[in-house]
Amino acid sequence: MTIRNPDKSLAEFRRSIDAIDEKILALINRRLKIAKQIGAVKMREGARVIDPERESTLIERLMVRNQGPLSKENLYHIFRAIITISRDIQSPQLSDCLGPGLTVIVTPLIGDPGCAQP
């Protein structure tokens, strides 16, 4: 790895990282707003929230485009987390019932549990 600005101070590097993190946060929130809209369309059309084929295609496409230094394993974990959060935002009733993130474990095993209220 080549350092382009060897004279840059730690504080300057951290400011750069902070600015990038703010952009990442804004993009994630933008993505989640779109995911929420997709959830409404899925509900209207009676489609399932979980689409394993779409999720696999998305991750495979990103792995091909990735030029590093992010490893394929880390890319997978980052986007798996984003997909899980997107599922939760698309189906808040399921997330409320099972808890955040648990939809990724339970739903593929048993389908939508319904979470009927007593």
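Residues numbered from 1 in each chain as written. Predicted model: local features only at pLDDT ≥ 70, side-chain atom pairs only at ≥ 80, totals over all residues. Heavy atoms only, no water.

Some remarks on the overall build of the chain
Thinking step 1. When helices and strands are tallied, the chain shows 5 helices and 0 strands.
Thinking step 2. Its helices and strands taken in sequence order, the chain reads α-α-α-α-α from the N to the C terminus.
Thinking step 3. Counting over 118 residues, the chain shows a buried share of 23%.
Thinking step 4. Taking all contacts inside the chain whose residues are at least 6 apart in sequence as the whole, residues at least 24 apart take part in 44%. (Helix = DSSP H or I, 4+ residues; strand = E, 2+ residues; numbered from the N terminus. Buried < 20%, exposed > 50% of the residue type's maximum accessible area, 1.4 Å probe, protein only. Contact = heavy atoms within 4.5 Å.)

Things to note about the packing of helix α1 (residues 10-45) against helix α3 (residues 72-90)
Thinking step 1. Running from amino to carboxyl end, α1 crosses α3 at an angle of 50°, the nearest separation of the two axes being 8 Å. In terms of orientation, α1 lies oblique with respect to α3. Crossing of α1 over α3 shows right-handed handedness. For the pair α1 and α3, the contacting residues are Arg-31, Leu-32, Ala-35, Lys-36, Ile-38, Gly-39 and Lys-42 in the first and Ile-82, Ile-85, Ser-86, Ile-89 and Gln-90 in the second. (Axes fitted to C-alpha atoms, helices over the stretch in contact; angles between N-to-C directions. Parallel < 35°, antiparallel > 145°, perpendicular 65-115°, else oblique. Left-handed = near helix turned anticlockwise from the far one by under 90°.)

Topic: the confidence of the model for the chain
Thinking step 1. Looking at the chain, the pLDDT average stands at 83 and 73% of residues meet or exceed 70.
Thinking step 2. In the model, residues 106-118 has pLDDT below 50 throughout and makes 16 contacts with residues more than four positions away in sequence or in other chains. (pLDDT = per-residue confidence, 0-100.)

Considerations on the pattern of salt bridges
Thinking step 1. Under the definition given, this model contains 2 salt bridges.
Thinking step 2. Arg-80 is the salt-bridge partner of Glu-55, the closest N and O atoms lying 3.3 Å from each other. With Glu-55 in helix α2 (residues 52-65) and Arg-80 in helix α3, this residue pair connects regions lying 25 residues apart in the sequence. The residues Glu-55 and Arg-80 share a single accessibility class, namely buried.
Thinking step 3. The partner of Arg-87 in a salt bridge is Glu-55, and the shortest N-O contact between them spans 2.5 Å. Pair noted here: Arg-87 is in helix α3 and Glu-55 is in helix α2, with a separation of 32 residues, a long-range link. The same class applies to Arg-87 as to Glu-55, namely buried.
Thinking step 4. Each member of the salt-bridge network shares a partner with another, and the members are Glu-55, Arg-80 and Arg-87. (Salt bridge = Lys/Arg side-chain N within 4 Å of Asp/Glu carboxyl O.)

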